[in-house]
Amino acid sequence: MSASTLKAAARFGDIRIPARIAISGALAIAMASFAVFFMQIALSEDYITPAKAPMGGDYAAFWTAAKAVAAGEAAQIYDPAHFREWLFEIAPPKETWGLTWQYPPTYFFAIALLALLPYGFGYAVWTGGGLALFTAAARGAGVKAEALVLLLAAPTLFQAVITGQNGFLTASLLLGATMLADKRPAAAGLCAALLTMKPQLGLLLPFAYIAGGHWRAFGVAAAGSIVLAGASLAVFGTGPWLAFFESILGAGANVESGRMPLFKMPTAYAAFSLAGFPPVFALALHAVGAAAAVWTTVTIWRRSDNAALKAAVVACGAFLLAPYAYYYELVIMAVPLALLAMQSAREGWRPYEQLILAPLFLIPLVLPGDPIKAGFNLSFVVTVLAFVFVLRRFKAA
């Protein structure tokens, strides 16, 4: 490669996006996105939008599950056919439902309030409350001023709103579990314990706590998890737990049937499976990515005192370690990456960093993409770019 080509590449990688342009563009995207969203809500009939989707998307699963649990059918809803019966009976009228219930019984505590609320008001409370918690957690972590505007305008937050998922809750818990480990280990451990309601996103926390010597946080997390599980056993009995573990063992069948669509998953296993690799090879390659996530997490938590960097590696590495996770859960990366970007702005941007962050910001706007059973997994690009950015910030430190 010639010297002139190298210089041109360096200039391209050193592109800087002025803050006012970034904010103006982000706000324009957010306003256009939410204008379409609110128009769909306004034109909906029986909570079914003109796009033929239920208002709140997957929120229908949480609301329906809460009603079923209140009716004493906590164990039965783990059966996909029985859960569909509940959806057809009380959820917004839809010709087909592909939702299943696969959360551990501890999650019933998180959705209990929804059993008392009508569908539409419950969606507002569920999503609005989650967003308020997320915003408070972000401000508490140090995201302020222009960075907070960019964060709240990010398409990944828009996805969390329109899908009606629990990304705001899990993002807030993961942020607390990582950012508070040094100064408030008991609070961090409590957040980690609560995160076991969505266990696949917190799999790196034990490695992080052990590597960083955060034994108090580790102990509180372990004890809290046991207490939470015990409380669910006392309230709901053993039936839901047996049904939950049975549903987990059937995850592979759910992938094959399409109930767990791979094109919506930003994980290594999903990416390699869609690329045409046989399942055993996809799992082997996923294991390589998982090992890299664990090694990087242990290294950063052992060597670095940068709380944002430590939070970011756990959040981004979650999608390399867990074989199954969805695009709407990418919001767990948002605050740690925003904090790292703020550090980059203060200390000086390194080449290519803004070119990495720009697609990281924009790609979630077009997710999940077209339904496919083979091909290119765009959501996994977000995982890769985020992990590369974390590695570059670690190297810079």
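For the structure itself, look to the data block above.
Residues numbered from 1 in each chain as written. Predicted model: local features only at pLDDT ≥ 70, side-chain atom pairs only at ≥ 80, totals over all residues. Heavy atoms only, no water.

Caption draft 1: Layout of the packing of aromatic side chains. For the structure shown, the criterion picks out 32 aromatic pairs. Judged by centre distance (5.4 Å) and plane angle (50°), the rings of Tyr59 and Tyr123 are tilted. Of this pair, Tyr59 sits in helix H3 (residues 59-70) while Tyr123 sits in helix H6 (residues 119-141), and the two are 64 residues apart along the sequence. What makes Tyr123 buried here is its relative accessible area of 7%. Note on Phe62 and Trp126: the rings are 4.9 Å apart at their centroids and 35° apart in plane angle, and the pair reads as tilted. Note that Phe62 is positioned in helix H3 and Trp126 in helix H6, a separation of 64 residues in sequence. Classification of Trp126 by relative accessible area gives buried; the value is 13%. Taking the ring centre of Trp97 as reference, the NZ or CZ of Lys94 above it sits at 5.3 Å. Taking the ring centre of Trp301 as reference, the NZ or CZ of Lys310 above it sits at 4.8 Å. (Phe/Tyr/Trp six-rings, centres within 6.5 Å; stacked < 30°, edge-to-face > 60°. Helix = DSSP H or I, 4+ residues; strand = E, 2+ residues; numbered from the N terminus. Buried < 20%, exposed > 50% of the residue type's maximum accessible area, 1.4 Å probe, protein only. Lys NZ or Arg CZ within 6 Å of the ring centre and 35° of its normal.)

Caption draft 2: Quick look at the pattern of salt bridges. By the definition in use, this model includes four salt bridges. When the shortest N-O distance is used, the salt bridge between Arg393 and Glu347 registers 2.9 Å. You can see Arg393 sitting in helix H20 (residues 378-396) and its partner Glu347 sitting in helix H18 (residues 334-347), a full 46 residues away along the chain. Ionic contacts of the salt-bridge type, sharing partners, join the residues Glu347, Glu353 and Arg393 into one network. (Salt bridge = Lys/Arg side-chain N within 4 Å of Asp/Glu carboxyl O.)

Caption draft 3: How the structure looks around the state of the cysteines. For the structure on display, the rule yields zero disulfides. Here Cys191 stays unpaired: no disulfide links it, and the sulfur of Cys316, its closest cysteine neighbor, is 19 Å away. With relative accessibility at 0%, the residue Cys316 sits in the buried group. (Disulfide = S-S within 2.5 Å.)

Caption draft 4: Region of the structure containing the packing of helix H11 (residues 205-212) against helix H16 (residues 279-303). Between H11 and H16, the least distance of the axes is 8 Å, while the angle of their chain directions is 35°. As for the relative orientation of H11 and H16, their crossing is right-handed in sense. For the pair H11 and H16, contact is made by Phe207, Ala208, Tyr209, Ala211 and Gly212 and by Val294, Thr297, Val298, Trp301 and Arg302, respectively. Broken down by class, the residue content of the contact of H11 with H16 amounts to seven nonpolar, two polar and one charged. (Axes fitted to C-alpha atoms, helices over the stretch in contact; angles between N-to-C directions. Left-handed = near helix turned anticlockwise from the far one by under 90°. Contact = heavy atoms within 4.5 Å. Nonpolar A, V, L, I, M, F, W, Y, C, P; charged D, E, K, R; others polar.)

Caption draft 5: Inspection of H11 at higher detail. For H11, the set of buried residues is Leu205, Ala208, Tyr209 and Ala211. All buried residues of H11 fall inside an arc of 165° around its axis, so they share one side. Here the buried face of H11 lies against helix H9 (167-179), helix H10 (185-195), helix H12 (215-236), H16 and helix H17 (307-321). Where H11 ends, the next residue or the one after it, Gly213, has phi of about 70°, a positive value. (Arc of directions from axis to C-beta.)

Caption draft 6: Spotlight on the layout of surface pockets. The space that makes up the second largest pocket amounts to roughly 920 Å³. In terms of lining residues, the second largest pocket is bounded by 34 residues, among which Ala22, Leu150, Ala341, Leu357 and Phe361 are the most central. Of all the secondary-structure elements, those providing two or more residues to the lining of the second largest pocket are helix H2 (19-42), helix H7 (145-152), H18 and helix H19 (353-362). Residue contributions to the lining of the second largest pocket peak at seven residues, all from H2. Of the residues contributing to the lining of the second largest pocket, the split by class is 29 nonpolar, three polar and two charged. (1 Å grid on protein atoms, 1.4 Å probe; cavity = no way out; pocket = protein on both sides within 12 Å on 5 of 7 lines; lining within 4 Å. Points joined across faces, edges and corners; volume = space filled by probe spheres on them.)

Such coordinate-based values are descriptive only and should not be taken to indicate function.
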